[in-house]
Amino acid sequence: MSSTRVRPVLVVLGAVALLTASVAVPQASAAGRTSTALAWYDATAETIATAGASTQVTNNRTWAISWLAAARATRSVPAGVERGAYQEAALAAAVHRALVELAPSRAEQLDATYKETLDAVPDGPAEEQGVAAGERQADLVLKSREGDGLDPASVNAPYPVKPAAPGVWQPTPPAYAPGAQYGNRLAKPFLLKTQSQFRLGPPPALDSERYAADLAEVRAYGAADSAVRTAHQTETATFWLGSSLTLYTEPLRVALSRTSEGTAGQARLVALFHVALADTQIATSDSKYAYERWRPVTAIRTGTIGPDPDWTPLHTTPAHPDYPSGHNTYSGAAETVLSALVGPRTAPFDLTSPTAPGVTRTYTTWKQLSDENVDARIFSGIHTRSADEAGITLGTNVARHVLRNTGRLLASH
């Protein structure tokens, strides 16, 4: 199976075009130590893995706040101080300050990393002013995001399920859990003007040829007992089953380690990535709950086209509407940011998945990850191709908006 979607050409505007780099160069200091950006990337990833929230978008928020503060703090350097020392101190101070506030249980580990960073930065005005700038920007970003509606309780605000009717989302087996992530559509975006700024057009009509083809494909390839899905296709579904944030942590690290940008550019890359992904998830829930499209399992079991009450998907259906696919809005946004800022291709890198133990896949473009996500949700039996392709479109649109507005996002506060 392969995706047949038509992808728009990525347009990178203004200053963002200057960030594109195709040369892969590992980032390390002259002394051979891990760069400050990579050290704090790993510290952020470990913080999320061990003390993260139960909701994915809340964890993207933590990344976005921490690294947006770092990007702002490193963007300009005061006259008369050494650039490298200032920016390293500023990045470390910003991320440390934000993470300790957002994940206080990790303070001891974060303090140790912070001490290690500052011990490697020469004492003096550059370090002192960098620390002050990083802490100030962290405090400002934290303040600006207070009460933004991206905490777990707000994200999963109660959703009133509509009466059962053709096409209308209903809780799905086996748990029949209430609708999740409904509150995202009410959250405060980082850069979107409104949560509905990029709301998608409606999904295919229930009586359309496209929708009939969508359901036929899911029915055949996404069934738990499918006779046509290959072993490789089953592996694809299982590989991409888990959290998109978890699965994209390593690709972003690969991009970070290979960019030719310095400390400020690295901070900007991580900040733009997670701002785009937080806003993408807000936009995703807006479209999902605007259309409330039923999931394939409901359509196949109870629909008017050859209903099969015993049909079961390969993987359990998540508890929110079909259109668009959240995994694919995430991958579309991620692909757009990475392609714009480090180039669409990279040297081969390996990726593993917590839901597919022992499987390693190798990639050379960010688009390959998106293409696999599109097919994976069909092979899992949990999304239609229309929902997957619409997800790519929505994620791409939000990420382009973030890239076009980079200057406004990073402006000093």
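Owing to the predicted nature of the structure, the values given are computational and were not obtained by experimental measurement. (Residues numbered from 1 in each chain as written. Predicted model: local features only at pLDDT ≥ 70, side-chain atom pairs only at ≥ 80, totals over all residues. Heavy atoms only, no water.)

Caption draft 1: Spatial organisation of the overall build of the protein. A tally of regular secondary structure across the protein gives 15 helices and two strands. In terms of overall dimensions, the protein is globule-like: its C-alpha atoms have a radius of gyration of 22 Å, near the 22 Å expected for 413 residues. Taking the principal axes of its C-alpha atoms as reference, the protein extends roughly 75 × 40 × 40 Å. Looking at the protein as a whole, 57% of its 413 residues are labelled buried. (Helix = DSSP H or I, 4+ residues; strand = E, 2+ residues; numbered from the N terminus. Rg over C-alpha atoms; globule rule 2.2 N^0.38 Å. Buried < 20%, exposed > 50% of the residue type's maximum accessible area, 1.4 Å probe, protein only.)

Caption draft 2: Geometry of the layout of surface pockets. What the largest pocket holds in volume is close to 510 Å³. Contributing elements (two or more residues each) for the lining of the largest pocket: α2 (56–74), α10 (263–291) and α12 (326–342). The residue makeup of the lining of the largest pocket, split by class, is seven nonpolar, 19 polar and two charged. Roughly 290 Å³ of internal volume is contained in the second largest pocket. Looking at the second largest pocket, it is lined by 18 residues, and the ones nearest its centre are Ser243, Leu245, Thr246, Leu247 and Thr249. Residues belonging to the lining of the second largest pocket are distributed by class as follows: nine nonpolar, eight polar and one charged. (1 Å grid on protein atoms, 1.4 Å probe; cavity = no way out; pocket = protein on both sides within 12 Å on 5 of 7 lines; lining within 4 Å. Points joined across faces, edges and corners; volume = space filled by probe spheres on them. Nonpolar A, V, L, I, M, F, W, Y, C, P; charged D, E, K, R; others polar.)

Caption draft 3: The arrangement of the nonpolar core in detail. Counting residues in each nonpolar core, the largest one holds 76 residues, and the members touching the most others are Trp40, Trp67, Trp240 and Phe273. For this core, the element with the most residues is α10, which contributes eleven residues. Dropping the residues within four chain positions of it, tryptophan 67 is found in contact with Ala37, Trp40, Tyr41, Thr44, Leu91, Val95, Gln266, Ala267, Val270 and Ala271. Grouped together as the second largest cluster of nonpolar side chains are ten residues, Leu215, Ala299, Ile300 and Trp311 included. (Core = buried A, V, L, I, M, F, W, Y, C linked by side-chain atoms within 4.5 Å. Contact = heavy atoms within 4.5 Å.)

Caption draft 4: Quick look at the packing of helix α1 (residues 36–51) against helix α3 (residues 83–102). Where α1 contacts α3, the axes come no closer than 10 Å and their chain directions differ by 10°. Taken together, α1 and α3 sit at an angle that is classed as roughly parallel. Each of Thr36, Ala37, Trp40, Thr44 and Thr47 in α1 lies in contact with α3, whose residues at this interface are Glu88, Leu91, Ala92, Val95, His96 and Leu99. Here the contact of α1 with α3 is built from residues that sort into six nonpolar, four polar and one charged. (Axes fitted to C-alpha atoms, helices over the stretch in contact; angles between N-to-C directions. Parallel < 35°, antiparallel > 145°, perpendicular 65-115°, else oblique.)

Caption draft 5: Layout of the environment of tyrosine 182. The residue tyrosine 182 is located in the loop between α6 (152–155) and α7 (209–221) in this model. Residue tyrosine 182 is classed as buried on the basis of its relative accessible area of 19%. Separated by 223 residues in the primary sequence, tyrosine 182 and asparagine 405 place their C-alpha atoms 27 Å from one another. Every residue in contact with tyrosine 182, bar those within four places of it in the chain, is listed here: Val155, Ala157, Pro158, Tyr159 and Tyr289.

Caption draft 6: Quick look at the UniProt feature "domain: Phosphatidic acid phosphatase type 2/haloperoxidase" (unreviewed entry) in the protein. According to UniProt, the positions carrying the feature "domain: Phosphatidic acid phosphatase type 2/haloperoxidase" (unreviewed entry) are residues 273–404. Secondary structure within residues 273–404 divides into 58% helix and 11% strand; the distance between the first and last C-alpha atoms comes to 13 Å. (UniProt positions renumbered as here; feature names shortened; annotations may be inferred.)

Caption draft 7: Region of the structure containing the pattern of salt bridges. Applying the stated criterion across every chain, the model contains 18 salt bridges. The partner of aspartate 139 in a salt bridge is arginine 97, and the shortest N-O contact between them spans 3.0 Å. One end of the pair, aspartate 139, is in helix α5 (residues 125–144); the other, arginine 97, is in helix α3, with 42 residues separating them in the sequence. Here arginine 97 falls in the partly exposed class, since its relative accessible area comes to 32%. A salt bridge links glutamate 389 to arginine 210; the shortest N-O distance between them is 3.2 Å. Pair noted here: glutamate 389 is in helix α14 (residues 385–404) and arginine 210 is in helix α7, with a separation of 179 residues, a long-range link. Several salt bridges converge on common partners, so that one network encompasses Arg61, Arg145 and Asp148. (Salt bridge = Lys/Arg side-chain N within 4 Å of Asp/Glu carboxyl O.)

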